[in-house]
Amino acid sequence: MIFSPTRRHALIGSASLFVAAGLPGWASAATRDPRLVVIILRGALDGLGAVVPVGDPDFFRQRGGLALQTVGDRPALPLDSLFALHPALPTFKKLYDAKQALFVQAVATPYRERSHFDGQDVLESGQPGPGLVRDGWLNRFISALPSRGDRATGEGLGVGATAPLILRGAAPVMGWAPQNIAPASEDLASRLLDLYGQRDPALQKALAQGLHVETLARGAGMDGDQRPKGGPDSIPGMRQAAQGAARLMRAPEGPRIAALSFEGWDTHVNEGPVGGRLSQLLSGLDGAFEELQTGLGDIWGSTMVVVTTEFGRTVRINGTAGADHGVGALALLAGGAVKGGRGIYDWPGLADEKLYEKRDLAPTTDLRAVLKGVLAEHFEAPEKILATNVFPNSAAAKPIAGLAAA
Amino acid sequence: MSISDEKQGFAALARFGFGARGDGDLASARLDPRGFLRAELDQPGAALLAGPGLPSGDASLQTLFTEEDARKAERDRLAQDIATQSKTAQQTTQPAMQAQSIMESAMQASAQPAKPPPRPPSPDQLFFRADAHARFTHAYMARAGMVERLVAFWSNHFAISVAKGGPTRAAAGPFEREAIRPYVLGKFGDMLLAVESHPAMLFYLDNQQSFGPDSPAGQKQKRGRNENLGREILELHTLGVNGGYSQSDVIALSNMLTGWRFAGREGKFGTPGSFIFQANVHEPGAQNLLGADFTGGGEDQARAALLSLAARPETARHVALKLAKHFIDDTPPQALVDRLAHTFFKTGGDLHAVSLALIDSPEAFTAPPTKMRNPWEFCVASTRLLDRAPDDVGPVLSSLSMLGQPLWQPPGPNGFSDDSATWASPEGMKIRMDLASQWTNRLKDPPDPRELLEMAFGAGASEETRKAVARAETKAQGLALLLMAPEAQRR
């Protein structure tokens, strides 16, 4: 199908979809071209199963049958004197060795209860507590980004049929998901945009954004068969999502920021250490790292990938060979713009008296300090904006310095 | 009849049902919008769904077990074949070549005898499609569709996901028919009991694998409690996340629920696939839930706890807010929520009374239509408008997946989002348009879009929509605009 600039395009432009706030005090990031991918692992990743504290004297006693071993068929891959990596993450290991990946242990949002949905709301809204879900922190950050010239497009991309909370809000964002259906005619689209323009501006804005992504995707050579290869909890599904995001981000007018959701991390039952549910999921995540690195190509060097989850899992194994919801969690950073090859942690230890409420890894690092560190260095965002607009009431969680490669 | 009466008829069908069918029902609805809806609610057994090809939950699980056994036997046979060949190979092949050649010969052995026909769909897939087809047809045929909207609402409130595995796929349809439909106009407490004891829910939220840590089986097998079901009952099904419970309440309820299971394939404790109480995994002793002691152990302990949760004011408020959000607005008027909660509480969770209170509320017809139709509603409403029900439910199921609401497969136990913003996403709107275009272009004998607009929207149509539809280049394009018009997207 040949695409020519049509009325569709003109309408998108005139709807002034991208209104940058252009807040004062923002060092121009225009000379650099920073890219950010945020991956949310829904269901609470078992951080102690992925980046394993094999050097903690209490670990094997506490974890029992769920503890990953350092010897045997599929041993954990050594990271530093305290931690080793799950063997289903070889790409992450390569990046770590190349100083392009790091991990943050014992990290948590301000949320201290154990509901997935409230936990995800806090993670995505960037608010100090649950219940404030009007918009997401990544959308507020995009709203605050200085405009890049006369771009009529949004800077944010959500992979999936619906936008995750983290991307919802005033700034327009694009959505993309693998699908296999013939596009409607441009004439129908422009008539519908007209009608929405008169009756329902919100629908007009949404449809115009959707159409724009279609154009981008076609430009990126993605107009072939995009049949979904699997759900967001499957290895092919995670790979495909990452591949699509990478190709769109590399397109000439592509988004700079993308959010992906991978699901199914709620490993209450038969988690593994290896050969169980967690191994499968981590393989999918590792595949996503690989697809991003390959797909982003020359912009991988200016990319940061942040992997987060709503909370962690209990230190001890539960009654069904899994782990229940716990507070302290894990975050991962990867990308050519990351100063990697290290772990960031203030390790609380796993002795009984060190556990949070006698069951969970105690959180010692505020996740917002990590995220603010990424935004502050990578995008040169002023701390004041981060502590008010993006993560309200988070002044106490100072951005962690030195996350970005020089 | 005034214009505003006509508009009320349109609003009633849109807000509480699936919109007009285009066969003159709008004319009936506008005479007495509330009466039109009430008649559907009062129709005996309106929510029930039965028919050939729709087995009970235990029957569908039994078929699944039988099929799984057959597959396992087949695998075992294949493994034995390989073992036999391996013995032969040991005598003839060099040891270093052994492993590879065994695999190769096993693969050749299975590939050579004239390629086997593709495996027929498994029983769980067949059951799922039969139930999906029945559900869609029921919604398509419904007069107003309010009862089917309530079914979808409650099914999403007590969400399970077929993605969890075979048992939930096979039992998802039965779950809705057996645990939701009989109670959507009955008592909330009865629905709660039916839901939490249904095999689909017991499997989905892991209660099948929960052991009382001090129960005989828990002690012997060193297995323990799984909190998943107990937590979600408190957080999602009854009190709501701000309902004032703590971790100790989660543990207490989870303990009381130990032993609530369904019988396995061997049928040791009852008919395979049916609910059982397995006493030897039940946590012994009294439990304290929200300050109240539940003493007598056994199956009735959790039953009493669930009924006490159903009767809490927090549950009334939680349900009232969700209903008002679903039917009226993302941020519904507090007065409406209070009224619904009051009715719920006062009537002991009588959902017929609560549904009546909803349509009798003044906001029901005065609040502007801000809510987006979710993908299920969009697909049903579009089919009703075009009056062409598909013979095969497959295209409906793939449309729902593309739009982000695969049937009975929400991302988590909190169900699909009920926010308008979720469904008015860029990707979602574009796919809606592509689907509307595809559907209307495939019509063999398309109706006149202007006439259909009169029949289905009447005075509810805006001038702009009328003009856009009238000026369309083809009938198909006019119909696509009708399906995509704000009047058909919002309710």
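Since the model is a prediction, treat every value here as computed from it, not as a measurement.

**Focus on the packing of helix α6 (residues 137–144) of chain A against helix α12 (residues 383–390) of chain A**
All names here are of chain A.
Part 1: At a minimum axis distance of 10 Å, the contact between α6 and α12 shows a crossing angle of 135°. Here α6 lies oblique to α12, going by the angle between them. You can see that α6 and α12 cross each other, and the crossing is right-handed. Together, W137, R140, F141 and A144 of α6 and I385, N389 and V390 of α12 make up the contact between the two elements.
Part 2: Here the contact of α6 with α12 is built from residues that sort into five nonpolar, one polar and one charged.

**Points about the interface of chain A and chain B**
Frequently, the measure chosen for interface size is the accessible area removed from exposure when the parts meet.
Part 1: Each side of the interface is counted separately: chain A has 47 residues, and chain B has 48 residues.
Part 2: At the level of elements, α5 (116–125), β7 (173–176), α7 (186–199) and α8 (201–219) of chain A are the ones that each hand at least two residues to the side of chain A that touches chain B.
Part 3: The greatest single-element share of the side of chain A that touches chain B, amounting to nine residues, is contributed by α8 of chain A.
Part 4: When the residues that make up the side of chain A that touches chain B are grouped by side-chain class, the tally is 21 nonpolar, 15 polar and eleven charged.

**Section: the domain arrangement of chain A**
Residues and elements named next belong to chain A.
Part 1: What the domain assignment lists for chain A is domain 1 (33–180 + 225–390) and domain 2 (186–224).
Part 2: One C-alpha centre belongs to domain 1, the other to domain 2, and the line joining them spans 31 Å.
Part 3: On the side of domain 2, eleven residues touch domain 1, which itself brings 15 residues to the contact.
Part 4: Elements with a minimum of two residues in the side of domain 1 that touches domain 2: β7 and α9 (235–250).
Part 5: Top element by residues in the side of domain 1 that touches domain 2 is α9. It accounts for four residues.
Part 6: Residues that form the side of domain 1 that touches domain 2 fall into these classes: five nonpolar, six polar and four charged.

**Some details on the environment of L78 of chain B**
Residues and elements named next belong to chain B.
Part 1: Within the secondary structure, L78 is located in helix α4 (residues 57–92).
Part 2: The exposure class of L78 is partly exposed, given the 13 C-beta atoms found within 10 Å.
Part 3: Expressed as a C-alpha distance, the spacing of L78 and P426, which sit 348 residues apart in the sequence, is 50 Å.

**A few points about helix α6 (residues 123–141) of chain B**
Part 1: Taking 1.5 Å as the rise per residue, α6 of chain B with 19 residues should run 27 Å; its terminal C-alpha atoms sit 27 Å apart, in good agreement.
Part 2: Along α6 of chain B, the residues that are buried comprise P123, D124, F127, F128, D131, H133, R135, F136, H138, A139 and Y140 of chain B.

**A short note on the packing of helix α16 (residues 334–346) of chain B against helix α17 (residues 351–360) of chain B**
Residues and elements named next belong to chain B.
Part 1: Close contact between α16 and α17 brings their axes to 9 Å; oriented N to C, the two are set at 160°. The angle between α16 and α17 falls in the class roughly antiparallel. Between α16 and α17 lies a crossing of right-handed hand. Contacts between α16 and α17 involve R339, L340, T343 and F344 from the former and A353, V354, A357 and L358 from the latter.
Part 2: The residue inventory of the contact of α16 with α17, partitioned by class, reads six nonpolar, one polar and one charged.

**A few points about unusual backbone geometry**
Residues and elements named next belong to chain A.
Part 1: Unusually for a residue other than glycine, E380 sits at a positive phi of about 55°.
Part 2: Mapping E380 onto the fold places it in the loop between α11 (367–378) and α12.
Part 3: Judged by C-beta crowding, with 16 C-beta atoms within 10 Å, E380 ranks as partly exposed.

**Comments concerning the pairing of strand β1 (residues 35–41) of chain A**
Residue and element names in this part refer to chain A.
Part 1: Taken across its seven residues, β1 has seven buried, putting it largely inside the fold.
Part 2: Residues R35, V37, I39 and L41 line one face of β1 and the alternating positions L36, V38 and I40 line the opposite face, and both faces are buried.
Part 3: Of the pairings in the sheet, the one linking β1 to strand β9 (residues 303–309) comprises seven bridges and is parallel in character. Bridged to V38 within β9 is V306.
Part 4: Of the strand pairs in this sheet, β1 and strand β8 (residues 257–262) are connected by six bridges, and their pairing is parallel. Bridge assignment links L41 to a residue of β8, and that residue is F262.

**A few points about the confidence of the model for chain B**
Residue and element names in this part refer to chain B.
Part 1: Mean pLDDT for chain B: 90, with 92% of residues reaching 70 or above.
Part 2: Between residues 93–116, whose pLDDT stays under 50, and residues either more than four places distant or in other chains, the model counts 14 contacts.
Part 3: Both scores are available for the predicted complex, with the pTM at 0.78 and the ipTM at 0.89.

Here is what the cut-offs are and how they apply
- Residues numbered from 1 in each chain as written.
- Chains lettered and ligands numbered in written order.
- Predicted model: local features only at pLDDT ≥ 70, side-chain atom pairs only at ≥ 80, totals over all residues.
- Axes fitted to C-alpha atoms, helices over the stretch in contact; angles between N-to-C directions.
- Helix = DSSP H or I, 4+ residues; strand = E, 2+ residues; numbered from the N terminus.
- Parallel < 35°, antiparallel > 145°, perpendicular 65-115°, else oblique.
- Left-handed = near helix turned anticlockwise from the far one by under 90°.
- Contact = placed C-beta atoms within 7 Å.
- Nonpolar A, V, L, I, M, F, W, Y, C, P; charged D, E, K, R; others polar.
- Domains from an automatic or database assignment.
- Buried ≥ 20, exposed ≤ 12 C-beta atoms within 10 Å, placed from the backbone.
- Expected span 1.5 Å × (residues − 1).
- Pairing = 2+ DSSP bridges.
- pLDDT = per-residue confidence, 0-100.

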